[in-house]
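Observations on the model geometry
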Amino acid sequence: MKKSVKPNGLKIALYLLLVGVMLYVVVYMPTPYLVYQPGSAEEVRQMISVEKGDPAEEGTFMMTTVSASYANIALLMLSAFNPNAEVVKKAEKMGEQSKDEYAATQVYYMNSSQSAAMEAAYQEAEVDYSIEPAYVFVMSISENSANAEHFRPGDKLIKVDGQPAEDNEKIASLLSGKSIGDVVSVELDRKGKTVKEQVKLVSIKDDKTGAERPGLGVMIATMQKVEPADPDHTIHFADTNIGGPSAGLIFTLEIYNQLTAGDLSKGYRIAGTGTIDKSGAVGPIGGVKHKIVAADRKEADFFFVPQKNYDEAKKRADRINTDMKLVPVEDLQDAVDYLEELPPKG
């Protein structure tokens with residue numbers, strides 16, 4: 001009669017431990033890399049509306065994005081077989097920023113891009129407008145800051161000691177009568193929730209003069225709102241989970257199309273990328289080769305690309321053998337002129 005062999009408990013434990021370690025290394029262990037791939041080409045009509053704007057738009061304007069992922073070992077291995085994947089070091093893109101600080105920076109860039117697009121479109125459409133401060137945005141908090149526990153990157157600073165804090169100058173005025181070490185009450189908007197904190201003022205040194213003054217110990221930026229003289233031209237942006245400044249040109253074209261009579265899209269699927277400033281100048285961006293692929297996948301007819309990005313975009317367009325036509329532009333007027341000269345799509 002044969003004896004049954006009982007599994008060795010130690011061997012099973014070691015096996016399970018080995019599996020756990022391998023799972024951690026392949027899936028959960030962080031690496032110093034990011035993987036960039038083609039993102040999406042999204043219609044911006046659903047993101048932007050103009051009060052009493054012209055609704056005519058047979059075609060569509062599409063912003064293009066890059067998908068960025070924090071790479072684990074598994075993703076790095078898969079990227080080796082993906083011709084559209086690009087592996088880069090985190091430090092090259094993020095510097096010394098944390099994930100939260102980097103995300104807050106992208107939100108800031110997106111909001112700034114929207115403001116610049118509004119100004120450029122208003123100027124192109126000859127609509128009078130004014131600039132007003134909207135709120136103060138917390139960009140980053142030093143690890144050594146004594147107030148790191150009170151703030152998060154992306155917080156909106158609403159009030160200081162019960163007084164509205166619309167911009168940097170107002171905050172400086174509110175703190176001017178205070179001393180280093182004084183405690184002030186701060187009201188924040190954190191992802192839609194009101195947060196109240198008691199914050200001790202810390203020493204802020206002027207890099208040029210060396211003079212010290214009391215401050216909150218965080219890096220902040222003033223966000224602005226663009227107000228038209230005629231409320232019928234008020235522009236509304238829907239909330240998105242997309243960050244960065246590169247949708248400026250496409251935002252501007254969509255806004256301009258709604259502000260003016262007729263359909264600038266002429267029935268075409270129009271994608272593109274590029275920063276914009278209030279004068280309408282179009283600036284270069286990163287990741288254009290990925291955005292070309294994203295636009296091609298959504299069957300864009302045209303792709304507006306900053307002049308300085310054209311060579312890189314053309315190489316990728318040729319490689320994927322797209323039928324999409326690349327149109328290099330240096331400013332908003334280049335794009336508007338090109339579209340106005342197009343015949344309506346048959």
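Residues numbered from 1 in each chain as written. Predicted model: local features only at pLDDT ≥ 70, side-chain atom pairs only at ≥ 80, totals over all residues. Heavy atoms only, no water.

Within the open sheet, the 6 strands sit side by side as β4-β1-β3-β14-β17-β18. Their pairing is mixed. Two strands lie at the open edges of the sheet, namely β4 (86-89) and β18 (325-329), each paired on one side alone. Direction aside, neighbouring strands of the sheet carry axes that sit 35° apart on average. Packing against the sheet, helix α8 (residues 310-320) makes contact with β17 (302-306) and β18, and its axis sits at approximately 175° to β18. (Pairing = 2+ DSSP bridges. Helix = DSSP H or I, 4+ residues; strand = E, 2+ residues; numbered from the N terminus. Axes fitted to C-alpha atoms, helices over the stretch in contact; angles between N-to-C directions. Contact = heavy atoms within 4.5 Å.)

For α8, every residue scored as buried is listed here: Ala313, Arg316 and Ala317. Taken around the axis of α8, the buried residues stretch over an arc of 100°, which confines them to a single face. Residues of α8 that are exposed and point over 90 degrees away from its buried face: Asp311 and Lys315. Buried residues along α8 sit in contact with α7 (288-297), β17 and β18. Taken from the residues just after α8, asparagine 321 is the one with a positive phi, measuring 55°. (Buried < 20%, exposed > 50% of the residue type's maximum accessible area, 1.4 Å probe, protein only. Arc of directions from axis to C-beta.)

Our focus in this paragraph is unusual backbone geometry. A positive phi angle, near 50°, is found at aspartate 161, a position not held by glycine. The topology assignment puts aspartate 161 in the loop between β6 (156-160) and β7 (163-164). Since its relative accessible area comes to 33%, aspartate 161 is described here as partly exposed. A positive phi angle, close to 55°, is found at lysine 191, a residue other than glycine. Within the element layout of this structure, lysine 191 appears in the loop between β8 (183-190) and β9 (193-200).

Before going further, it helps to spend a moment on the domain arrangement of the chain. Domain boundaries in the chain define domain 1 (30-128 + 229-341) and domain 2 (133-224). For domain 1 and domain 2, the distance between their C-alpha centres works out to 32 Å. On the domain 2 side, the residues contacting the 10 residues of domain 1 number 11 residues. Both sides of the domain 1 and domain 2 interface together cover about 780 Å² of buried area, and 66% of this is carbon and sulfur. Inspection of the domain 1/domain 2 interface yields 0 salt bridges. (Domains from an automatic or database assignment. Buried area = accessible area lost by both parts, 1.4 Å probe. Salt bridge = Lys/Arg side-chain N within 4 Å of Asp/Glu carboxyl O.)

It is worth spelling out the pairing of β8 at this point. Both β6 and β8 contribute to a ladder of 4 bridges, which runs antiparallel. Within β8, the position partnered with valine 160 by the bridge is valine 186. With 8 bridges connecting them, β8 and β9 associate as antiparallel partners. Bridge pairing links valine 183 to lysine 200 in β9.

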